[in-house]
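A closer look at the structure
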Amino acid sequence: LAKHPEIKALMKPDYNLIWVVVLMVLAQLTAFYLVKDLDWKWVVFWAYVFGSCISHSMTLAIHEISHNSAFGNSKAMWNRWFGIFANLPLGLPYSISFKRYHMDHHRYLGGDGIDVDIPTNFEGWFFCTPFRKFIWIVLQPFFYAIRPLCINPKPITRLEIINLLAQLVFDVAIYYLWGVKSIFYMLAGSVLGLGLHPISGHFIAEHYMFLKGHETYSYYGPLNLLTFNVGYHNEHHDFPNIPGKSLPLVKKIAAEYYDNLPQYNSWIKVLYDFVMDDTISPYSRMKRQLKGEVKQD
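As the structure is a prediction and not an experimental result, all values here were calculated from the model. (Residues numbered from 1 in each chain as written. Predicted model: local features only at pLDDT ≥ 70, side-chain atom pairs only at ≥ 80, totals over all residues. Heavy atoms only, no water.)

**Side note on the packing of aromatic side chains**
Within a pair of aromatic rings, the relevant descriptors are the distance that separates the centres and the angle that separates the planes. Heads up, the rule is: Two rings from Phe, Tyr or Trp (for Trp, the six-membered ring) form a pair when their centres sit within 6.5 Å of each other. Planes less than 30 degrees apart are called stacked, planes more than 60 degrees apart edge-to-face, and all others tilted. For the purposes of this entry, the term helix denotes a DSSP run of H or I that reaches at least four residues, the term strand denotes a run of E that reaches at least two, and both are numbered from the N terminus. The classification of residues rests on relative accessible area computed with a 1.4 Å probe and restricted to protein chains. Under 20% of the type maximum is buried, over 50% is exposed, and intermediate values are partly exposed. For a lysine, the NZ atom is tested; for an arginine, the CZ atom; a charge sits over a ring if that atom is within 6 Å of the ring centre and within 35 degrees of the ring normal.
On inspection of all chains with the given rule, the structure shows 24 aromatic pairs. Seen from their ring centres, Tyr33 and Trp178 are 5.8 Å apart, and the 70° between their planes marks the pair as edge-to-face. Of this pair, Tyr33 sits in helix α1 (residues 16-34) while Trp178 sits in helix α8 (residues 158-178), and the two are 145 residues apart along the sequence. Between the aromatic rings of Phe127 and Phe143, the centroid separation amounts to 5.4 Å while the plane-to-plane angle is 80°, which identifies the pairing as edge-to-face. One end of the pair, Phe127, is in the loop between α5 (121-126) and α6 (130-138); the other, Phe143, is in helix α7 (residues 140-151), with 16 residues separating them in the sequence. Judged by its relative accessible area of 5%, Phe127 is buried. Accessibility expressed as a relative area gives 16% for Phe143, which makes it buried. Over the ring of Phe274 we find Lys133; its NZ or CZ atom is 5.5 Å from the centre of that ring.

Printed below as a string of structure tokens:
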């Protein structure tokens, strides 16, 4: 910032995010209706080919919203309510809890017992062969759901209860209106999209140390178009209050800081390398013993 103060001008809400999220919710609602009378094989096909992409993209929209990118820091609660709305087509309550844990990830990156993005000791010990690492990738959504309860359980908040109730009402309404195939499409799309899927390469690409000494990596490939530029991950951790839309400008403005860092151009290759490289496993993360006062949401 001292060298490039113009970056401060990018620290503002991305109001286009609101309309993108609304359109994504409407797209999924349309899909719920269209799959209700299909054969099961086509429900599964469209859940993976279309629903999984929208669902994973929506989780990254929720990531943006967790940083108050939709309405700005001055309207924090508007962002929380909007996150609950964006959560609806995923089928499972996610938004409010994600916000609480994700802020810890930014404040205490790699913090032992705090940052639940760090795999558990069991994950590192057991998923150590190519086949087991492949299974670990398939089961990623389950580990991300269970890990906080094992590493850093937090008291349930009022907003989390509201998130849960809103999701239950929505799911029941979808089942009542269009039946079990629409519910299956919704839930299967979320699970498949966060598991063995090209976009899921970002989970591993962001912080797994393929090169010793480098714990955060950016990806500059085309899938950023579907993921709100989450691939610009060094840029995001440097400036978490800048919406994903503007992170390419951060890289362009401060190119001397980012161009020479290790980077990826393919999340599919990241997944392949993670499975096949015997030197990489869920243990390949920087873990820190935190000192001093720890403040959590």
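**Quick look at unusual backbone geometry**
Here Asn68, not a glycine, exhibits a phi torsion of approximately 65°, which is positive. Counting through the fold element by element, Asn68 comes out in the loop between α2 (40-66) and α3 (76-87). For Asn68, a relative accessible area of 10% puts it in the buried group. Within the chain, Phe228 stands out as a residue other than glycine whose phi angle is a positive 55°. Mapped onto the secondary structure, Phe228 falls in the loop between β1 (218-219) and α11 (233-238).

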